[in-house]
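Understanding the architecture of this molecule
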Amino acid sequence: MRSIFSTVQSLVRSGTKPLPLPGTAIDVAQQTLEVVGQVHNPLCLSVADLQAMPGYDWVRLTSNTCEGNAQKAQKKGYRGVLLREIVLKAGLRSDDPKGWKRAYVVARASDGYVALFSWNELVNTDVGDAVLVVYQQHAHGQTAAGEHLSLVSGSDRHSGARQVKWLRSIELCSIFG
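This section reports on the structure supplied with the text. The model shown is predicted, which means the values in this text are computed figures rather than measured ones.

**Overview of the overall build of the protein chain**
- Each helix and strand counted, the protein chain has three helices and twelve strands in total.
- For the protein chain, the residues scored as buried account for 43% of the 177 residues in total.
- The long-range fraction of contacts in the protein chain, counting pairs at least 24 apart against all pairs at least 6 apart in sequence, stands at 68%.

**A short note on unusual backbone geometry**
- Within the chain, Trp166 stands out as a residue other than glycine whose phi angle is a positive 60°.
- Along the polypeptide, Trp166 turns up in the loop between β11 (164-165) and β12 (167-174).

**Digging into the side chain of Ser150**
- Considering the arrangement of structural elements, one finds Ser150 in strand β10 (residues 150-153).
- Residue classification places Ser150 among the buried positions, given a relative accessible area of 3%.
- Not counting the four nearest positions on each side in its chain, Ser150 is found in contact with Leu132, Val133, Val134, Gln137, Val164, Lys165, Trp166 and Leu167.

**Topic: the pattern of salt bridges**
- Scanning the entire structure with this criterion turns up five salt bridges.
- Salt-bridge contacts for Arg84 lead to Asp129; the nearest nitrogen and oxygen are separated by 2.9 Å. Highlighted residues: Arg84 in helix α2 (residues 83-90) and Asp129 in the loop between α3 (119-124) and β8 (131-139), separated in sequence by 45 residues.
- Relative accessible area serves as the criterion here: at 16%, Arg84 is assigned to the buried category.
- Owing to a relative accessible area of 34%, Asp129 belongs among the partly exposed residues under this scheme.
- Here Asp156 ties to Arg162 by a salt bridge, and the two come within 2.8 Å at their closest N and O atoms.
- What makes Asp156 buried here is its relative accessible area of 14%.
- Overall, the relative accessible area of 16% leaves Arg162 in the buried class.
- Each member of the salt-bridge network shares a partner with another, and the members are Glu121, Asp156 and Arg162.

**Quick look at the packing of aromatic side chains**
- Under the defined criterion, the tally for this structure stands at one aromatic pair.
- Centre to centre, the rings of Trp58 and Tyr78 are 5.2 Å apart; their planes meet at 20°, and the pair counts as stacked. Placement of the pair is Trp58 in strand β4 (residues 56-62) and Tyr78 in strand β5 (residues 74-82), with a sequence separation of 20 residues. Of the two residues, Trp58 and Tyr78, both sit in the buried class.

**A few points about the nonpolar core**
- By size, the foremost hydrophobic cluster in this structure holds 32 residues, and its most contacted members are Leu83, Leu151 and Ile170.
- Setting aside chain neighbours within four positions, we find Ile170 in contact with Leu33, Glu34, Val35, Val36, Leu83, Val87, Val105, Val106, Ala107 and Leu151.
- In this structure, Tyr56, Leu132, Val134 and Val152 belong to the second largest nonpolar core, which totals seven residues.

**Focus on the pairing of β12**
- Within β12, six of the eight residues are buried, which leaves it mostly tucked inside the rest of the structure.
- Two strands pair when backbone bridges link them, and strand β2 (residues 32-37) and β12 are joined in this way by four bridges, in the parallel orientation. Across the sheet, residue Val36 finds its bridge partner in β12, namely Glu171.
- Taken together, the seven bridges between strand β6 (residues 103-109) and β12 define a ladder with antiparallel strand orientation.

The rules behind these values
- Residues numbered from 1 in each chain as written.
- Predicted model: local features only at pLDDT ≥ 70, side-chain atom pairs only at ≥ 80, totals over all residues.
- Heavy atoms only, no water.
- Helix = DSSP H or I, 4+ residues; strand = E, 2+ residues; numbered from the N terminus.
- Buried < 20%, exposed > 50% of the residue type's maximum accessible area, 1.4 Å probe, protein only.
- Contact = heavy atoms within 4.5 Å.
- Salt bridge = Lys/Arg side-chain N within 4 Å of Asp/Glu carboxyl O.
- Phe/Tyr/Trp six-rings, centres within 6.5 Å; stacked < 30°, edge-to-face > 60°.
- Core = buried A, V, L, I, M, F, W, Y, C linked by side-chain atoms within 4.5 Å.
- Pairing = 2+ DSSP bridges.

The following block contains the structure:
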């Protein structure tokens, strides 16, 4: 695996994980990610499909305190595929050769939460180098129980706004059709 960066991100309060329904086991291997919208190749990617693509690791430090006490910080790691690579694999469908200038990507969670990225941001800036579709999470070398497909944007100043848990679909859209 290649490492896109190994740096201290802004220290944030650990988030709570969504709870599965009682009696329901989470099997990340059975989850799929749909890539839909204005695409040449609609995709339905399994975890095995994602694992077959070039993978990246991302590690950040998290803290349970607002002060960012480094002694209480924990390493949290993610393994996944760059969102940019998935979007490029699907291909933007547009009659206008400059349609990409108006394109954007919607990452949608199963609970309706969304995160937005412009096409330009993913393909032409450093932001695209740090947006991962995550298929494995780990802390201290251990794989976390209750994994789920998710999306993290590693270059955002505040990590929570565009972090999508329970990622269900990626949609390519365009302003003005």
